[in-house]
Amino acid sequence: MNELLEMTEARMHVYNMLRNIFANEPTMKVLKSLSNGVLKDLSENEDVKEGVEKMAEASREIKNTRDLDELHAEFARLFLMGKMAVPPYESLYKGGKTLMGDAAVAVRKEYLEEGLQVEKLYQEPDDHIATEFEFMFFLCKKTVAALKKSGEKKAGAFLAKQRDFMETHLGNWAPQFCDKILDSTNSDFYRGAALLTKGFIEEDSRFLKEAGEK
Amino acid sequence: MKISRRNFVKLSAATAAAAAFGAQSLSALTDKVNLDLQSGEEQELEDKFSGYDVKYTYDSYCPSECGLEVWTKDGKVEKIYGNYADPYNHGKMCGKGPLGAGLAYSLGRIKYPMMRVGARGEGKFKRVSWDEALDHIATKIVDIKKKHGGESIIVDTGDMTDTPPYYRMGRGMGAPHITEHGSICDTPRRFGPRVFIDGKRWEPDLMRPTLVRQSDGSLKEMGYDDLPLPKYIMYVGWNPFTATRIHYESRGTVTAQIKGCKVIVVDPAMCTTAAQATANGGMWVPILPGTDNHFLAAILRHILEKGYEDKAFIDEYCTGVEEFTSAFKSYWDKTDSSNGMKYFTMEWAADKTTLSKDKIVEIAEIIGTTKPGAICWGMNGVGHRYAGYIASMLGTAINVVMGNFEAPGGTIDCNQVRISKGGNAGGGFFNGREVTRTVNGKPVTGKQKELHMDEMSDWPAGWYDVVGDHPRRILEGIEIKYGPFKGYKYPIKARFEIGGNTVITGSATWKWQEMYAARDPETGEYKLELAVSIDSLLLENALYADVILPAAHYFERYGIADIYPSAPVAVMREPVIKPLGESKTQVEIMNAITKALYEHGDTDIDPNEFWLKYTHDDIFWNEVMEPTPGVKNVGEPLPYPNLPEGYKLLGTPDSLEAGRVTIDDEKKVIHGEPITMDWLRKNQGVAVWPMAWRRYKQAVKTGSGKIEFVWSKLEEENEKIKGGPRPYGFELLEKYTGDVWDEYPTTFFWYEPPYNPANPTYAATTEKYPFQVITARVHQGMTATYANPQQGETPCDSTWWPLNREFEAEVAEWVTVGNDGSEMPKGEIKVVNKRFRRGTYCVATCSMNPDDAKAYGVVTGDVVTIENMLGKTQKNVVLVTHTIRPGVLKLPFGAGGRFSPGVGTTYQQRDYTANVNEFVDPNLLTPIFGFPGYLDIQARIVAVEKPTFATI
Ligand code: SF4
């Protein structure tokens, strides 16, 4: 029980980190922590390890605001503008080719079931990878609270929801998304982020499956 | 619970990571769920349309701005239909209208403010907050204004009619020069209407249905069967079937043809309109490019010689006809040394135009003996030519002397009879603001507008603003040459561009790029210190911007459309979906920028004129409609027989109809109930006032009240330049044609077109560069619309043809999802990823006559390298076709050589398609309006590439 709690708390933190990596450009403060090796012992997974290392190295290369601007411009090129090199929206990996595709409406329903909606409803596509990570972060948080308060029973439902969401949404497109980043950029920061994400999703999918099998 | 891999992530490291990334609270998601709940009325709609919400708005896929009915579901555009209440398109759309969602949800949308990180043009940007972007803009503008005044700012409002907020913003911050796309589109076409009646746009009387007052006093919607239609229409360099600018013109032309109207299309290329005409008893007249003037001059001479003109009409409505005709006739006995023939004779015109004499006589006879009818000229020729004024002048004169102007089934100046809008909202009054500048050491006080970079400087009659000359003016700076500030000099330091793409369309493309990249030799900074792009898609212009602000797409913003019906119509735009990302409406952007300026200490900005006043977009647009419809109660039949004739009408159609009005006899104004956004919401988004004909007191806006053949408009300009320097345009005219002007012509005038085989001065260039390059739009596509991949699926004229190399793209396809037994299969449009094999997708195409192709060994699909008379070279894939006359290469406008990754599939074809504006001579600016000679290009073919496996 304590192990499950510890694990879920850890996962919650990772999801929190992932939503930040793909929602926002990194600040100098974040880069500093990364270059100090804050993620060093995060996981034994090979992809995660390599990703963490790359991100740390890349962070050390950012010395001034000019470098930072370049990194932010790379973020914009990949995920934000001019026919994004790597569109961060689920719909685009499920056969759709415009914003606000079918997956956006599908995940909107999932969020609503948990009493949530996108802060800027109808303005930001619901199926942005960072929003999906945030949803997992939220579910982890709920699980942690449930584990602390009422034990495993209620927590089980939240874990089941995570597993479902992983199976129907995040898990079946995030790996492709990460591969597309690896194909599209020379930036070690985002290559690292892609590896870290890929490795983590792989492990977490397995974790959720096993947790479900009990 | 057993978890075998429980250690795949460590809590201690994860906790540290979380600390590094900060916030633990939700940001993209919220637990404050607030779905738009269904009120009673919405519930009704919900039941009716099974979940769809219906709103009325208008299109902006092209500038036709057709009324639309848009169905949304789950906050998303699902279906788009034409709005039947709008007589302009009457429920119809062209093929592009339904594709609007492809632009709204394009991956190329700009969703956040961006700031440049690399060099201009490099396309490297980072996202910033609105506050950061506004802070950057305001800091720069305040500094620039401190050093150089508000006159050093240009606001270019682009190609839409919903831009009054940007006019207000620019004028409010002290910029007298607010320009628009209309300044670089088609101004020579407007010359005739402008000088004869102070008008703009003459089109055949084809808009049906239209509301007409009946003899019993009732108002009736009348259609094609009930009203006269033109018996002939001559389109000179105008292709309405493709350039769907005047939506009703296509359906109107077809219907008129069915009813026996003869359609004559004068164009070097067999454009869609010409093809349609010839298939229905009309004619294609494949004239030598640039000789429309010669053609029309011969027709006018023929009419006058035969005495076909409508003398009664001329006597009643015109002035100065004698002076005009005597200036015209003064050429009749002169011999043109280039061919030894008398000017304006049929033989002479046949020689110049390369048409047969019989053909020109036949056409002149039709025009001289058939009534009603209309001559209409456009941007495929006349409107984009250096000598286009002359054809515009002659076309106007012929329409008038034949008595067709404002006759039922004749020709109508749609600009004159459309609604008035804008009023104070556009901020015109700011231009009257007093400013003081030090001129030659002395303080001089005058009005803001007297610092205008064109009208008070190099282009005294540059009524439409001289955007084509911006690169030179920005590089060289401005010197005021007329008015109180004469002698004052200032630089241009900031330029806002809203929804425009001058880097592709503004005249010679390379000159624009050169201007943006130019640096001050002393400081090393960019000469133009601030370039701001406000747009919803990433176009080439944005690549040169320092700051990009995300503008709401046309489904997300407000507006009032007024173009170009033949009777007053107002159409409302309002958001049918929420603005994507952080994009904002025009009023919000105006408010945000002016507020930032104010907070940075700009004392020109009064909060009460901006954000404190316009707390909602509706307030602004209601103010825009204060002068609406603003037309006079005149014409036959009189629109409102119950109200005084000749008075100006204001207010809603229903209040005027019911007589719920107050009448101001002193000012001769009838005030109905004000028209508002709310009124429009309740009336399907559209207000329609009655049609009438012979509305001369409304349509003719000259000082004399007559159709002027001696132009007071230009007499006024001559007063202005008296004692001042010769306008820059006169210097250019002398350089390019040898003609010497000391003042503006005030009645008939003539000069020969430059870079043209018909002009002997250019014999040497013609020999070296045997081809003329002409250009026209594709599907009336604007440079942004190529971002929509569907546009590549429909060929157009012979300049948009499936000659692609293999590539991958997303396209919309009809997917059948079963059949419910009714006639129509059930299905939906889906966007799918597709690999396009060679020759299956439309790209910018250069059309070439088979005789020319043979001479150069070219076959369809080859890529030719074209070199223009200035030595610029570009490549384009070729279509060999009989639809173009020999000696002419026709390329599309804005469709090739597109170098922004934001423009979709066209970007992938940039290596073998040309941006035709790269060929424009940047100094070839027309003598009066300073308009670029977009179509005055001579060229030769310097290389031919055959496709190889590597290139296909
Ligand atoms: S003509 Fe223009 S405005 Fe009308 S539907 Fe077509 S694209 Fe839209």
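Residues numbered from 1 in each chain as written. Chains lettered and ligands numbered in written order. Predicted model: local features only at pLDDT ≥ 70, side-chain atom pairs only at ≥ 80, totals over all residues. Heavy atoms only, no water.

Caption draft 1: Representation of the packing of aromatic side chains in the model. Residue and element names in this part refer to chain B. Under the counting rule described, the total for this entry stands at 76 aromatic pairs over all chains. Aromatic pair Phe-893 and Tyr-934: ring centres 5.6 Å apart, planes at 80°, arrangement edge-to-face. Linking Phe-893 in the loop between strand 43 (888–892) and helix 30 (905–908) with Tyr-934 in the loop between helix 30 and strand 44 (937–945), this pair joins segments that are 41 residues apart in sequence. Comparing Phe-893 with Tyr-934 shows no difference in burial state: the two are buried. Above the plane of the ring of Tyr-331 lies Lys-334, whose end atom (NZ or CZ) is 4.1 Å from the centre. Directly above the aromatic system of Trp-510 lies the positively charged group of Lys-872, at a separation of 4.2 Å from the ring centroid. (Phe/Tyr/Trp six-rings, centres within 6.5 Å; stacked < 30°, edge-to-face > 60°. Helix = DSSP H or I, 4+ residues; strand = E, 2+ residues; numbered from the N terminus. Buried < 20%, exposed > 50% of the residue type's maximum accessible area, 1.4 Å probe, protein only. Lys NZ or Arg CZ within 6 Å of the ring centre and 35° of its normal.)

Caption draft 2: Highlighting empty space enclosed by the protein. Residue and element names in this part refer to chain B. A complete count under the given rule lists 10 cavities of 30 Å³ or more for this structure. Here the largest cavity defines a volume of roughly 530 Å³. Around the largest cavity sit 40 residues that line it, and Met-160, Gly-499, Asp-535, Met-782 and Ala-784 are the ones nearest its centre. Its residues placed into classes, the lining of the largest cavity shows 16 nonpolar, 17 polar and 7 charged. The calculated volume of the second largest cavity comes to roughly 110 Å³. What lines the second largest cavity is a set of 14 residues, among which Pro-568, Val-631, Lys-632, Pro-639 and Pro-690 lie closest to the centre. By residue number, the principal contributor to the lining of the second largest cavity is strand 29 (residues 629–632), which donates 3 residues. In terms of residue class, the lining of the second largest cavity is built from 11 nonpolar, 1 polar and 2 charged. (1 Å grid on protein atoms, 1.4 Å probe; cavity = no way out; pocket = protein on both sides within 12 Å on 5 of 7 lines; lining within 4 Å. Points joined across faces, edges and corners; volume = space filled by probe spheres on them. Nonpolar A, V, L, I, M, F, W, Y, C, P; charged D, E, K, R; others polar.)

Caption draft 3: Up close: the environment of Asn622(B). All names here are of chain B. Mapping Asn-622 onto the fold places it in helix 22 (residues 617–624). For Asn-622, a relative accessible area of 25% corresponds to the partly exposed category. For the pair Asn-622 and Ala-596, spaced 26 residues apart in sequence, the C-alpha to C-alpha distance is 25 Å. Ignoring anything within four residues of it in the chain, the contact list for Asn-622 reads Ile-675, Thr-676 and Met-677. (Contact = heavy atoms within 4.5 Å.)

Caption draft 4: Representation of the pattern of salt bridges in the model. Overall, the coordinates contain 70 salt bridges over all chains when judged by the stated rule. The partner of Glu203(A) in a salt bridge is Arg206(A), and the shortest N-O contact between them spans 4.0 Å. Taken together, the residues span about one helical turn, with Glu203(A) and Arg206(A) both in helix 9 (residues 188–213) at a distance of 3 residues. Owing to a relative accessible area of 33%, Arg206(A) belongs among the partly exposed residues under this scheme. Across the pair Arg385(B) and Asp936(B) runs a salt bridge whose closest N-O atoms are separated by 3.3 Å. Here the residue Arg385(B) occupies a position in the loop between strand 18 (373–377) and helix 14 (388–401), and Asp936(B) occupies one in the loop between helix 30 and strand 44, the gap between them amounting to 551 residues. Asp936(B) matches Arg385(B) in its accessibility class, with the two residues each being buried. The structure contains a network of salt bridges with shared partners spanning Asp454(B), Asp458(B), Asp469(B), Arg472(B), Arg473(B), Glu476(B) and Lys481(B). (Salt bridge = Lys/Arg side-chain N within 4 Å of Asp/Glu carboxyl O.)

Caption draft 5: Layout of the site of the ligand. Neighbouring the ligand are Asp59(B), Tyr61(B), Cys62(B), Ser64(B), Glu65(B), Cys66(B), Met93(B), Cys94(B), Lys96(B), Gly97(B), Thr244(B) and His247(B). Class assignment of the residues belonging to the shell around the ligand gives a composition of 5 nonpolar, 4 polar and 3 charged. (Near = heavy atom within 4 Å.)

Caption draft 6: Layout of the nonpolar core. Residues Tyr15(A), Leu170(A), Met234(B) and Ile299(B) are the most contacted members of the largest nonpolar core, which totals 245 residues. Sort the elements by how many residues they give to this core and helix 6 (residues 129–150) of chain A lands first, with 12 residues. Not counting residues up to four positions away in its chain, the partners in contact with Ile299(B) are Met234(B), Ile360(B), Ile363(B), Ala364(B), Ile367(B) and Ile398(B). Ranked by size, the runner-up nonpolar core spans 62 residues in total, among them Ala133(B), Met572(B), Ile593(B) and Leu643(B). (Core = buried A, V, L, I, M, F, W, Y, C linked by side-chain atoms within 4.5 Å.)

Caption draft 7: Geometry of the pairing of strand 3 (residues 67–73) of chain B. Residues and elements named next belong to chain B. Within strand 3, 6 of the 7 residues are buried, which leaves the element mostly enclosed by the surrounding structure. Pairing analysis gives 6 bridges linking strand 2 (residues 53–58) to strand 3, with the strands arranged antiparallel. Looking at the pairing, Tyr-58 lines up with Gly-67 of strand 3. In this structure, strand 3 lies alongside strand 4 (residues 76–82), joined through 6 bridges in antiparallel fashion. Bridging across to strand 4, Val-70 finds its partner in Ile-80. What sits between the antiparallel neighbours strand 3 and strand 4 is a turn of 2 residues, in which Asp-74 has the positive phi angle 50°. (Pairing = 2+ DSSP bridges.)

Caption draft 8: Looking closely at the sheet that holds strand 28 (residues 569–573) of chain B. Residue and element names in this part refer to chain B. Strand order in this open sheet of 3 strands is 27-28-33, and the pairing throughout is antiparallel. If you trace the sheet from one side to the other, it starts and ends with strand 27 (559–561) and strand 33 (686–688), each paired once. Between one strand and the next, the sheet's axes are offset by a mean angle of 15°, whatever the strand orientation. Two elements, strand 27 and strand 28, share 3 bridges in a ladder whose sense is antiparallel. Bridge assignment links Ile-560 to a residue of strand 28, and that residue is Met-572. (Axes fitted to C-alpha atoms, helices over the stretch in contact; angles between N-to-C directions.)

Caption draft 9: The arrangement of the packing of helix 7 (residues 152–168) of chain A against helix 9 of chain A in detail. All names here are of chain A. Where helix 7 contacts helix 9, the axes come no closer than 9 Å and their chain directions differ by 135°. Here helix 9 runs oblique to helix 7, going by the angle between their axes. The two elements helix 7 and helix 9 meet at a crossing, and its hand is left-handed. For the pair helix 7 and helix 9, contact is made by Leu-159, Gln-162, Arg-163 and Met-166 and by Ile-201, Asp-204, Ser-205, Leu-208, Lys-209, Ala-211 and Gly-212, respectively. (Parallel < 35°, antiparallel > 145°, perpendicular 65-115°, else oblique. Left-handed = near helix turned anticlockwise from the far one by under 90°.)

Caption draft 10: Local environment of the interface of chain B and chain A. At the interface, 64 residues of chain B touch 79 residues of chain A. For the pair chain B and chain A, the summed buried surface comes to about 6,700 Å²; carbon and sulfur atoms form 61% of the total. Taken together, the connections running from chain B to chain A amount to 4 salt bridges. Between Lys126(B) and Asp69(A) there is a salt bridge, with the nearest N and O atoms lying 2.7 Å from each other. The interface formed by chain B and chain A includes 21 residue pairs in polar contact (both at pLDDT 80 or more). Residue assignment for the side of chain B that touches chain A shows that the elements contributing at least two residues are helix 1 (11–21), strand 1 (29–30), strand 6 (125–127) and strand 38 (827–836) of chain B. (Buried area = accessible area lost by both parts, 1.4 Å probe. Polar contact = N/O pair within 3.5 Å; in protein donor to acceptor, adjacent residues only side chain to side chain.)

Caption draft 11: Quick look at helix 5 (residues 164–172) of chain B. All names here are of chain B. Most of helix 5 sits out of view: 9 of its 9 residues are buried. For helix 5, the complete set of buried residues consists of Pro-164, Pro-165, Tyr-166, Tyr-167, Arg-168, Met-169, Gly-170, Arg-171 and Gly-172. The secondary structure elements touched by the buried residues of helix 5 are strand 7 (153–156), strand 8 (177–179), strand 24 (494–498), strand 25 (530–535), helix 21 (586–599) and helix 22. Where helix 5 ends, the next residue or the one after it, Gly-174, has phi of about 100°, a positive value.

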